[in-house]
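Next come the chains, spelled out residue by residue.
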Amino acid sequence: MGKRKVLVIGWDAADWKAIDPLMDAGMMPNLERMVNSGVRGRLATLDPPLSPMLWTSIATGKRPYKHGILGFTETGPDGKTLRPVTNTHRRVKAIWNILTQVGKRTHVLGWWPSHPAEPINGVMVSNFYQHAEKPINEPWPMRAGTVHPAERSGEFADLRIHPAELTSAHIAPFVPGYEQVDQDKEDGLSSIARILADCSTVHAAATYVLEREEWDLVGVYYDAIDHFKHGFMKFHPPRRPYIPEREFNLYKGVVTAAYRFHDLMLGRLLDLAGEEATVLLLSDHGFHPDHLRPGALPREPAAPAYEHSPYGIFCIKGPGIKQDELVHGASLLDITPTLLTLFGLPTAKDMDGRPLLEVFTDPPELNVIPSWELVEGECGMHPRNQAADAVSDMDRESLRQLVDLGYVEDPGEDMEQASVRTVRENRYFLARSYVDGGRHLEALAILEDLFAAAPDQLRYGLQLAQSQLRLARTAEARITLEHTRTARAAAHAEERRKMLAAPAPTVKAVAAPPKDPGPYREEPALRMLETTVLLAEQRTDEAVALLERMSLEHIFGERVQLRLGNALLKAQQWQRAMLAFERAIAHDVQADHAYYGLGLAHLRNGDAERAAGEFLRCIGLNFHRPFAHYHLGEAYAQLGRYTDSVHAYEVCLKMAPGINKARLHLARLYEEHLNDPDKAKVLRAEVSERSAPNIITVVSGLPRSGTSMMMQALVAAGLTPYMDGKRSPDESNPNGYLEHDSVKSLARDARFLEQAQGKVVKVVAPLLPYLQPRFHYKVIFMERELDEVIASQRRMLARDGKDKQAVTYPLGLHNAYKEQLRKVERWQEQCPNVEMIRLHYGEVIKEPHTAMERVGKFLGKQLDLDAMAIAVHPELYREKSRTSSGHLGQDEVPPAGE
């Protein structure tokens, strides 16, 4: 193969759901030709699905909180004016900067955002190039910074197409009945003309470059499909009840015509690139063409993004690329790593994506460097401290277009106040990006500030409560939910009061008086959040009952089935969970979360074969789900497919290196099935090395099962306890409890776990499920005969005057403890971040050295076994069952009266 040439084509909002029927009908022959000769797949997007953020992630391989582009607008250099987002806030190199650095000839056309054009090794035409802000009879100057090299601005200015240049012949394929449109009252045709002219202008520049320039990489971005869909997808067949029949008949073919037009442009690009070029076509997100598209949008900035679907398109063809194949689990973060691999360049550890090696007929060897940001040399990137020019009239016109499209609020006359709102909204988008990347603490700090300033903003309260829940701050999430409810109700009441107090319209008034919105009715999103909080509060039955009631309401319908399935998983009702997840999948066949939940339900129900199939479907939709790979490894191990299990666990660890339980499973596989004890030893060493900084050692068990004794032994060995000393030694426990009072509130507030890292903390068995999942736990679980536990507890309460020592044995308490122990066992099975060793209290008393040796091996530490053994006091073993030498079984119950 000769020199690699790569053409990257971006179609904003393109979706296979809309494309496949058109290809099947023969309406997109050029794309069908590309698909048949290459590899296609879905491309998972990021949250928030806002195009400037997404296309910058595509070009950098990094999430928005790394690259710095947030939202659609930014403040001007004075901090008091507003303009469309520019590239001056991008903090990292894009693919064109990296290729410039290694001497590749690179051309970029229309990328969003790419203004001002960067001085790369090639031509860059910014995303401000194509928009005509003035009538055709007025000058159309090219703003400074639109084209690099600047001296070629005139060439590209001549290629631009003004909307007024288009004729009925250009519009008719989109609206055959265009003559029926009264353009004085309707702007549908002018909107189509503007989108079409902008798109054609970018295409003219792209073909001009391909025809005249030497190139290694050409990247061209088209925003027209997204704009056509936001404007006209509501008219796409079948007709929805709220769409007037006249408008439906006029505009029902616009989206189809838009795709066919793009297919024609694709054909020209393919011809110009030639068969020896590698061509990559992609979109940043999809767009719901079906029942999943919302019927109405919320009143908030960037509301049109709710119409976006989570999967864009990906298609690649060229030398060394497989033909007529599917790729699964691709993400837009994978594009730049894949492009670097195509050019034989190293990827970087600080990129969040991976090269899609599965598209190659012969996958190349990978080379990885720490970061391209550390590679010195001219890369054609703007200086880090450079600011774009002051806000101009052209910026205001471009901003008006974003307002018309619904992406940003109308800034009004007070630009300074609008700038404040922009900063606030961009911080909100940054918080969502942190959440999407799993960095919840960073998100929490931002969301707390936003919510404190505007508690009536529903989206702030929802996101804050969700972040609190992810950090196991359940009590705080409940408070946030209630505060949001109160603020929303108050805002509604105030709005209604003003409306009712307004003077009645005059007889000559044309507009109808505003309609009374009626009493406040809680938003569906708040009711959904209520179910999430209930689950976090371990009020599973209440959550399930509420979700089942909600599923009968039209406003929710099948949308609640995913949440219901997760609630039923928590309730360990596997069959009912399966049914809920299957309904969720029937509602949305691309719901990767539903396949994941269905796989878990099958796995816990003992059907590893079905579970593996569902996990594979989940991964096929969204490869970047580490726990789906983890549980796939679990299913494969149960099926005896040990090599496949190893691969699944390794993929899991590549995505989430902190899941040490995957390493432990791998070590076990190498020891017990793959005959590689050396590999197992390395893995166990990695567990110890990675766990040391943030591991939390937990001593647990039922009350009076020997937990204080084990705490005393560990402290004697040199471990640091997490304790506050508030509870003093007493007759029941003369050597001390070594507890911390904050542990009692674990179900409501888990923040103390931050301080417990690297220490040992006592947590009673019923509270174990409240341990938040972002830490790794080594749990030493103390077991003791239940009759001894209950007798010891009652004797302790009697000493405190709280128990009358009833004659009959408390059978109800015995059965409740049995159920708690079963819950702990199920909890351990479901938590990859938990390792557990079980020690019997009687055995520790009888053979303390042997028991402590097991503890040392489990913790991976060289402990002072003698000191630990001394901390064991057999004389305190005062409540012994009559069969203690033979260990009364957990399922046995002493006779009544004993």
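A brief structural summary. If you're wondering where the values come from, they're calculated on a predicted model, not measured in any experiment.

## A short note on the overall build of the protein chain
Next, step 1: Scanning the protein chain from N- to C-terminus turns up 34 helices and 19 strands.
Next, step 2: Burial statistics for the protein chain: of 898 residues in total, 56% are counted as buried.
Next, step 3: Taking as baseline every contact in the protein chain between residues at least 6 positions apart, the subset at least 24 positions apart corresponds to 68%.
Next, step 4: Carbon and sulfur atoms provide 51% of the accessible area of the protein chain, an area that totals close to 38,900 Å².

## Topic: the pairing of strand β9 (residues 278-282)
Next, step 1: In terms of burial, β9 is largely enclosed, as five of its five residues are buried.
Next, step 2: Neither face of β9 is open: one carries Thr278, Leu280 and Leu282, the other Val279 and Leu281, and all of them are buried.
Next, step 3: Sheet topology note: the strand β1 (residues 6-11)/β9 ladder contains five bridges and is parallel. The residue of β9 that forms the bridge with valine 8 is leucine 280.
Next, step 4: Bridge count for β9 against strand β12 (residues 311-317) is four bridges, and the pairing is antiparallel. Within β12, the residue paired with leucine 281 across the bridge is cysteine 315.

## Digging into the side chain of threonine 56
Next, step 1: Of note, threonine 56 is situated in helix α3 (residues 51-60).
Next, step 2: According to the relative accessible area criterion, threonine 56 is buried, its value standing at 5%.
Next, step 3: Contact partners of threonine 56, with chain neighbours within four places excluded, come to His67, Ile69, Arg90, Trp112 and Pro113.

## Comments concerning the sheet that holds strand β16 (residues 695-701)
Next, step 1: The four strands are arranged β17-β16-β18-β19 in an open sheet whose pairing can be described as parallel. Single-partner strands in this sheet number two, and they are β17 (760-762) and β19 (834-840). Going across the sheet, the axis of each strand differs from the next one's by a mean of 20 degrees, ignoring polarity.
Next, step 2: Here three bridges tie β16 to β17, and the two strands are oriented parallel to one another. Note that in β17 the partner of valine 699 across the bridge is lysine 762.

## Considerations on the pattern of salt bridges
Next, step 1: For the structure on display, the rule yields 51 salt bridges.
Next, step 2: Here aspartate 216 and lysine 3 are joined by a salt bridge, their closest N and O atoms 3.2 Å apart. Taken together, the residues span a long stretch of sequence, with aspartate 216 in the loop between α8 (188-212) and β8 (217-222) and lysine 3 in the segment before β1 at a distance of 213 residues.
Next, step 3: Put simply, glutamate 739 and lysine 762 hold a salt bridge, and the shortest N to O gap is 3.1 Å. Of this pair, glutamate 739 sits in the loop between α28 (707-716) and α29 (753-756) while lysine 762 sits in strand β17, and the two are 23 residues apart along the sequence.
Next, step 4: The exposure class assigned to lysine 762 is buried, which follows from its relative accessible area of 8%.
Next, step 5: Salt bridges here are not isolated pairs; linked through shared partners, they connect Arg478, Glu482, Arg485, Glu522, Glu530, Glu537, Arg539 and Glu542.

Cut-offs and rules
Every chain is numbered independently, its residues counted from 1 as its sequence is written. Whole-chain, interface and lining totals are the exception, using all residues; otherwise, since this is a predicted model, local features are given only for residues with pLDDT of at least 70 and side-chain atom pairs are given and counted only at 80 or more. The basis for every side-chain value is the complete set of heavy atoms in the structure, and neither hydrogens nor water enter the calculation. Starting at the N terminus, helices and strands are each numbered in turn, a helix being any DSSP run of H or I of at least four residues and a strand any DSSP run of E of at least two. We call a residue buried when its accessible area falls under 20% of the maximum for its residue type, exposed when it is over 50%, and partly exposed in between, using a 1.4 Å probe and counting protein chains only. Note on definitions: a residue-residue contact is assigned when non-hydrogen atoms from the two residues lie within 4.5 Å. Each accessible area is a Shrake-Rupley estimate made with a 1.4 Å probe; only the visible protein chains count as cover when residues are assessed. Criterion used throughout: strands pair if DSSP finds at least two bridges between them. Axis geometry follows a simple rule: fit a line to the C-alpha atoms, using only the stretch in contact for helices, then measure angles between N-to-C directions, giving values from 0 to 180 degrees. Just to be clear on terms, a salt bridge is a Lys or Arg side-chain nitrogen sitting within 4 Å of an Asp or Glu carboxyl oxygen.

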